[in-house]
Amino acid sequence: MLVDNFNRTHNYLRISLTDNCNLRCFYCMPEEDYAFAPHAQLMQVEEIQEIAETFVALGVNKIRLTGGEPLVRKDAAKIITGLSRLPVELTMTTNGVRLHEFAAVINDANIRSVNISLDTLNKEKFQLVTRRNNFDRVWQNIQLMLDMGVHVKINVVAMAGLNETEINDFIAWTKDTPVHVRFIEFMPFTGNKWTSNKVVSWQQILAQVETEYSYLPLKGSANDTAKKYIVPGHKGTFAIISTMTSPFCGTCNRMRLTADGKMKNCLFSKEETDLLSALRSGQFIAPLIRQSIAAKAAELGGQFGKILDQVHPEDILNRSMISIGG
Ligand code: SAM
Ligand code: SF4
């Protein structure tokens, strides 16, 4: 078991398969020319499998694939199939653009839940956010996953001046469609021009919902990052991930592995542990994983607090979101 100094057991690993992506979301990818990591620098299929097996031996029972966009990797199917043989709940976070090409793989790997990112229900705005014209494809693929009986969570990064006027459109969508919309407070990462006034807070989101709907809180489970709600009578639900205004670090069970094989004990940690180089030089990586967990900070990577006005993104040492793996 991987237990840190705050008595938190870590059983959930998020693996980034690549820092490459077929979309260009402005809040995720730095605007200046971003150089994707060359393939040789990334964990190869067998290396991902071996590192994942080590984590499983240490108590991991849930793995989420992410990126960048996990499904742009040419060997993504092979990776998914390999990991599906481990005794874990396997899930992924994707922008949804290529999901139709992976329907059989998802089915065979028994992936029962996917998170699909969609920040707007408006086709033109989608192009503005992602700098690509894939709204229809993503929309169809959400339907495809629902038709396959997959549990679909929709990730919406709520940003002032971008989509806060659409909050109730997303709630309306949950009336007849069993999607689980999760509004995420906008977070600061290297190069994403975060400012505190762009954050739409948990309270602001609820206030917006209250203008049209009444809702009930849903009971969560121990390590939930999202505060969950339902509008009575709706087939879907909604939730808020309040990382910035009400972080959930006290029950954190998550660890991250970047596509180039660096372990991060927190999304906001500045320290990284190079598991891939260690593996390639024949070292045992389990002790390194334990050391990383032992050094985990109590909250937000030890880099900032929850008073938004006091968060200075230029002082936070981290990667861009696309190269961490969200
Ligand atoms: N490409 C996949 C996707 O878009 O779902 C997976 C990777 S993406 C980095 C994972 C999640 O992080 C997405 O839901 C994305 O919206 C979210 N994200 C990216 N940058 C963010 C930020 N600055 N604040 C909050 N969420 C962010
Ligand atoms: Fe790509 Fe996902 Fe980042 Fe958008 S949020 S640029 S889809 S990795």
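Keep in mind the model is a prediction, meaning the values are calculated, not measured. (Residues numbered from 1 in each chain as written. Chains lettered and ligands numbered in written order. Predicted model: local features only at pLDDT ≥ 70, side-chain atom pairs only at ≥ 80, totals over all residues. Heavy atoms only, no water.)

> So what's going on with helix α1 (residues 45–57)? Which residues, and what values?
Spanning 13 residues, α1 covers 19 Å between terminal C-alpha atoms, matching the ideal 18 Å at 1.5 Å per step. Every buried residue belonging to α1 is among Val45, Glu47, Ile48, Gln49, Ile51, Ala52, Thr54, Phe55 and Val56, and all of these are buried. Looking one or two residues past α1, Gly59 carries a phi angle of roughly 115°, positive in sign. (Helix = DSSP H or I, 4+ residues; strand = E, 2+ residues; numbered from the N terminus. Expected span 1.5 Å × (residues − 1). Buried < 20%, exposed > 50% of the residue type's maximum accessible area, 1.4 Å probe, protein only.)

> Just give me the short version of the side chain of Glu166, but keep the residues and values in it.
The residue Glu166 is located in the loop between β5 (151–158) and α6 (167–176) in this model. Every residue in contact with Glu166, bar those within four places of it in the chain, is listed here: Thr120, Leu121, Asn122 and Lys125. (Contact = heavy atoms within 4.5 Å.)

> Could you give an account of the site of ligand 1, with specific residues and numbers?
With respect to spatial proximity, 20 residues lie near ligand 1, and among them Gly68, Glu69, Ser117, Asn155 and Met187 are the closest. Backbone polar atom of Thr94 to an oxygen atom of ligand 1: 3.2 Å apart, as the coordinates give it. A distance of 3.0 Å separates an oxygen atom of ligand 1 from a polar atom in the side chain of Asn155. With the chains in place, 95% of the 550 Å² that ligand 1 exposes on its own is no longer accessible. Broken down by secondary-structure element, the contributors of at least two residues to the shell around ligand 1 are β3 (89–94), β5 and β6 (179–185). (Near = heavy atom within 4 Å. Polar contact = N/O pair within 3.5 Å; in protein donor to acceptor, adjacent residues only side chain to side chain. Areas by Shrake-Rupley, 256 points an atom, 1.4 Å probe, with all protein chains shown as cover.)

> Pulling in residues and values, what's your account of the site of ligand 2?
Ligand 2 sits among Cys21, Leu23, Cys25, Cys28, Gly68 and Asn95. Partitioning the shell around ligand 2 into residue classes produces four nonpolar, two polar and no charged. (Nonpolar A, V, L, I, M, F, W, Y, C, P; charged D, E, K, R; others polar.)

> Describe the packing of aromatic side chains, listing the residues and the values that go with them.
For any two aromatic rings, the description comes down to two numbers: the centre-to-centre distance and the angle of the planes. Under the defined criterion, the tally for this structure stands at nine aromatic pairs. Considering the side-chain rings of Phe26 and Tyr27, the 5.7 Å spacing of their centres and the 80° angle between planes classify their relative orientation as edge-to-face. With a relative accessible area of 29%, Phe26 lands in the partly exposed category. The class for Tyr27 is buried, based on a relative accessible area of 12%. With 5.2 Å between their ring centres and 25° between their planes, Tyr229 and Phe238 make a pair best called stacked. Assessed through its relative accessible area of 1%, Phe238 is described here as buried. Members of the aromatic cluster, each reached through a chain of ring pairs, are Phe126, Phe135, Trp139, Phe170, Trp173 and Phe183. The ring of Tyr12 carries Lys62 above its face, with NZ or CZ at 4.6 Å from the centroid. Just above the ring of Trp202 sits the side chain of Lys227; from NZ or CZ to the centre is 4.4 Å. (Phe/Tyr/Trp six-rings, centres within 6.5 Å; stacked < 30°, edge-to-face > 60°. Lys NZ or Arg CZ within 6 Å of the ring centre and 35° of its normal.)

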